[in-house]
Amino acid sequence: MKFKIIKAFAVIFLPLSIASSVNASAIKQTKGDFEDKFRQLEEVLPTPNVYRNAAGEPGENYWQQKVDYKIKVSLDEEKRRLTASEKITYQNNSPYQLKYLWVQLDQNIFKEDSIANMANNFGGIGRRGPYTKTGDAQTPAKISLGELRRQQFMADNELGYEISAIKDSRGKKLDFTVVGTQMRIDLPKPLKSGDNVEFSINFAFNIVEEDAVSARSGYEHFEKDEREGGNDIFLLAQWFPRLHAYTDYEGWNNKEFLGRGEFTLEFGDYEVEIEVPADHIVSSTGKLTNPKDVLTRTQRNRLEDAKTAKRPVFIVTEEEALENEKEGTNKRKTWKFKADNVRDFAWASSRKFMWDAKGYKQGGDDMPFVMAMSFYPKEGGDLWKKYSTESIVHTMEVYSRYSFDYPYPTAQSVNGPVGGMEYPMITFNGPRTELQDDGSRTYSQAEKRFLIGVVIHEVGHIYFPMVVNSDERQWTWMDEGLNSFLDGVAGREWDPTIPWGVEPRDITGYMKSQNQVPIMTQSDSVLRLGPNAYTKPAAALNILREVILGRELFDFAFKEYATRWKFKRPTPSDFFRTMEEASGVDLDWFWRGWFYSTDHVDISIDKVYKMRLDTHNPDIDYGRLRQIELDKPSSLFVERNKAEGKELWVDRNPDVTDFYDENDRFTVTNKERNKYNKFLKGLKPWEVKALERAVKEDKNYYVLEFSNLGGLVMPIILELTYKDGSKESQYIPAEIWRRTPKHVSKLVVTDSDKELVSVAVDPGWETADVDVENNHYPRQIIPTRVEAYKAKKSTAKVSRDIMKDIKTELKTDDDEKEDKKDN
């Protein structure tokens, strides 16, 4: 291929096939189906106002409510029941008066007539909890034993809140109305802006068995035999009636709790008294204010030693925990905790807990010292002893670099039936060891990875959303996605060989699937929560940091977002605007594509054209044209004639020749030279200089043609491989797609000795491109495997050899054990 220099215009003309495709796209834009991938997002985002400004900052009149709680709660271990009373002080910092207050009643989700239970879709997408699957004419429907257990537990137990009294500060009853998992409390008179109201609620409920119902909290029972104690672990969260959020962007957050969308709450101060059996150990949000009443002198001394220890110190040892399991008592103890400026409160209690702790000196002015602590039964084993508390400290070290110093006095990890859940200062985490026949406890590599990963993730949630208080019920990705991004950063600083699940390559399968919705979908409507709210936004932020902005710009902007909204309530628009405003980069195309659409990344390199400069000098160009002709494959017919030794007529009759036997169509004459000289005389001096340099350098000009098959515009990352074996990386910004979002062409110029032999798009899998097969030019052979297999015997009932099977002896438990031992 070649291209021409046009006098006075300096325009490069592309080969006809390329020019046609580009022109076609340009025409198509004017015909109605052109989609502006770079359309500004302001038409979608809320209008900036005095509460939230256009830069993504809290506005000059930003406000949020404050709710303080004083709670006394008693755990009835035998009945597995909580009884409590709470005094609530609600401060109306909004500019509006309130006629009523809305309260969350999360425990009501377990009532038989709750919306969550009534709306369960058998085998439906996104169902939380035990397994069910619809069937068809050939395949029966499936219901797991876990689902049967769940149904039976809920049928056998009276669940949900029992509200016995709601009174104002003078003891007068307040009218209230329960609406599913919500309750409206009618105020005697409107609560004016700047005023507060005090009221109390007496309540009780039966605690659910978490393993049975798959909840975010509950109890776990351990059967009693010669090796296991007959005790429970209690994880108590979402346990007290607590105020709904009242916000500038939505008013009351009246969204029913359906199980998936978690919650959004107001910050406040808590004083909580927890009465439990005297041999229980309690882990809780807040700081223990009466250690002398509930801890021995030895335990208090160990806590003091833990402050400066290099490794975790046991406050309650394994031996002491095992002794606790064997006993039992009728005595009671009350643990008192105080927590300031938290948005929620959770706790755990069990006589099975051993307890270790390690001080973390993070410095700074806000909270220079933090106590990292873990609570776990013997089932946690060495896995928890080695990794839980250390993972807490590692999380704080990393997260604080990207956001702010950890703001609370304690950070805790508690083992129990909940796989992973977070609350201020306390997290619930599930992995354990496996008891072997010889009495030892072992764990798999997967369990080790799970524990480290879940502790990092859940402790990370204390930053997002327990401090940066996003609305989890509305936008799950704002806490799960941002936190998954950061837990990937922390995790890869712990051990990069662990697959943390936040790389762009981890989301390609989901992004090309049909079973997805935009990230910005409300949490209860998301079809697949894990990929949508965790992996996809985390992968997007990885790409934004590593590919689009670079680490310096991204880290500055992200830290700005975190510090701006520390102890405040951001919305997606605040995040989007802050990241743009602080980085100085227009990212509307990125947010629109990744967060508001289900487009995916699939950039195909379709063609590569090699061109040389048309110099207009016939003594240069004609020789090149002759060589191009000679380089073409010869005729198969002619080659076979040569192979057969056929002599040409002109070779047998050399005297019958003329001028054209010595000169071909590429022979240069003075007519062409005169035309070239005339061309040169017509050029301006700068044009002559530019042309002479181009001729002297004799560059290679390559035109690369790309298609955007997935719809999501992204930068094009190229790896160019040359004939001499060298490689070169090039970065083409996403803005190349601005005017032609479906097809683009890019000119690549190389020195004459740098001949391009292949091109790869996104060779490091950095952009979540779903189809790597079209990322190479020339195309590559696709590696795969073929497996030889043996046909399986039919499992149909009619295929059974019943005559043989009916003679099979019935095995006892002892027989099973012997078989296992032999194997």
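For the structure, check the block above.
Residues numbered from 1 in each chain as written. Predicted model: local features only at pLDDT ≥ 70, side-chain atom pairs only at ≥ 80, totals over all residues. Heavy atoms only, no water.

A. Representation of a nonpolar patch on the surface within the structure. On the surface, a cluster of nonpolar side chains totalling about 390 Å² of accessible area is made up of L648, W649, V650 and V656. Within the secondary structure, V656 is located in the loop between α18 (649–652) and α19 (670–681). Look at V656 and you get partly exposed, because its relative accessible area is 46%. (Patch = residues over 30% accessible without salt bridge, like charges linked within 9 Å, V, L, I, M, F, W, Y side chains within 5 Å. Areas by Shrake-Rupley, 256 points an atom, 1.4 Å probe, with all protein chains shown as cover. Salt bridge = Lys/Arg side-chain N within 4 Å of Asp/Glu carboxyl O. Helix = DSSP H or I, 4+ residues; strand = E, 2+ residues; numbered from the N terminus. Buried < 20%, exposed > 50% of the residue type's maximum accessible area, 1.4 Å probe, protein only.)

B. How the structure looks around the pattern of salt bridges. Enumeration over the complete set of coordinates arrives at 60 salt bridges. One salt bridge connects D621 with R624, and the closest N-O pair in it is separated by 3.8 Å. You can see D621 and its partner R624 sitting in helix α16 (residues 618–631), three residues apart, about one turn around the helix. A salt bridge links K727 to E719, with the nearest nitrogen and oxygen atoms 3.9 Å apart. Judged by relative accessible area, which is 54%, K727 ranks as exposed. Through salt bridges with shared partners, one network takes in E57, E560, R564 and E581.

C. Representation of the side chain of D344 in the model. Inspection of the secondary structure assignment puts D344 in the loop between β20 (332–342) and β21 (347–350). For D344, the residues in contact, after removing those within four places along its chain, are F240, R242, F263, L265, Y270, T285, Y423 and P424. (Contact = heavy atoms within 4.5 Å.)

D. The nonpolar core, seen in detail. Counting 191 residues, the largest nonpolar core has W239, W347, F428, F575 and W594 as the members making the most contacts within it. For F575, the residues in contact, after removing those within four places along its chain, are W477, M478, L482, L541, F558, Y561 and W591. Judged by nonpolar contacts, the second largest core, of six residues, contains Y609, M611, A694 and Y701. (Core = buried A, V, L, I, M, F, W, Y, C linked by side-chain atoms within 4.5 Å.)

E. Expanded view of the side chain of N290. Checked against the element boundaries, N290 lands in the loop between β18 (287–288) and α5 (291–294). A polar atom in the side chain of N290 sits 2.9 Å from the backbone oxygen of T334. A distance of 3.0 Å separates the side chain of N290 from the backbone nitrogen of K336, its partner in a polar contact. N290 has contacts with T334, W335 and K336, leaving out every residue within four places of it along the chain. (Polar contact = N/O pair within 3.5 Å; in protein donor to acceptor, adjacent residues only side chain to side chain.)

F. Geometry of unusual backbone geometry. Each neighbour pair has its own omega, and for F464 with P465 the value is 20°, a cis peptide bond. Within the fold, P465 resides in the loop between α9 (445–460) and α10 (477–494). Within the chain, F567 stands out as a residue other than glycine whose phi angle is a positive 60°. Taking relative accessible area as the criterion, F567 reaches 19% and is therefore assigned buried. Even without glycine at this site, W765 takes up a positive phi of about 55°. Counting through the fold element by element, W765 comes out in the loop between β34 (756–761) and β35 (776–777).

G. Expanded view of a positive patch on the surface. Taken together, the side chains of K70, K72, K87 and K336 define a basic patch exposed on the protein surface. Within the secondary structure, K72 sits in strand β2 (residues 66–76). A relative accessible area of 51% places K72 in the exposed class. (Lys, Arg positive; Asp, Glu negative; His and termini not counted. Charge placed at Lys NZ, Arg CZ, Asp CG, Glu CD.)

H. How the structure looks around the sheet that holds strand β9 (residues 182–191). Spatial strand order, β8-β9-β4-β13: four strands in an open sheet with antiparallel pairing. Taken across any chain shown, the strands that pair with only one partner, and hence form the sheet edges, are β8 (176–179) and β13 (242–243). (Pairing = 2+ DSSP bridges.)

I. Focus on the pairing of strand β26 (residues 426–429). Burial along β26 is two-sided: the residues I426 and F428 and T427 and N429 are all buried. The pairing of strand β24 (residues 410–415) with β26 spans four bridges and is classified as parallel. Bridging from a neighbouring strand, S413 pairs with T427 of β26. Two strands pair when backbone bridges link them, and strand β25 (residues 420–423) and β26 are joined in this way by four bridges, in the antiparallel orientation. Within the sheet, the bridge partner assigned to Y423 lies in β26 and is I426. Between β25 and β26, which pair antiparallel and follow one another directly, the connecting turn spans two residues, one of which, M425, has a positive phi of 70°.

J. Spatial organisation of the packing of α16 against α19. Where α16 meets α19, the axes come as close as 10 Å, and the angle between the chain directions of the two elements is 125°. It follows from the interaxial angle that α16 and α19 lie oblique. In this structure, α16 contributes P618, D619 and Y622 to the contact, and α19 contributes E672, R673 and Y676. The residue makeup of the contact of α16 with α19, split by class, is three nonpolar, no polar and three charged. (Axes fitted to C-alpha atoms, helices over the stretch in contact; angles between N-to-C directions. Parallel < 35°, antiparallel > 145°, perpendicular 65-115°, else oblique. Nonpolar A, V, L, I, M, F, W, Y, C, P; charged D, E, K, R; others polar.)

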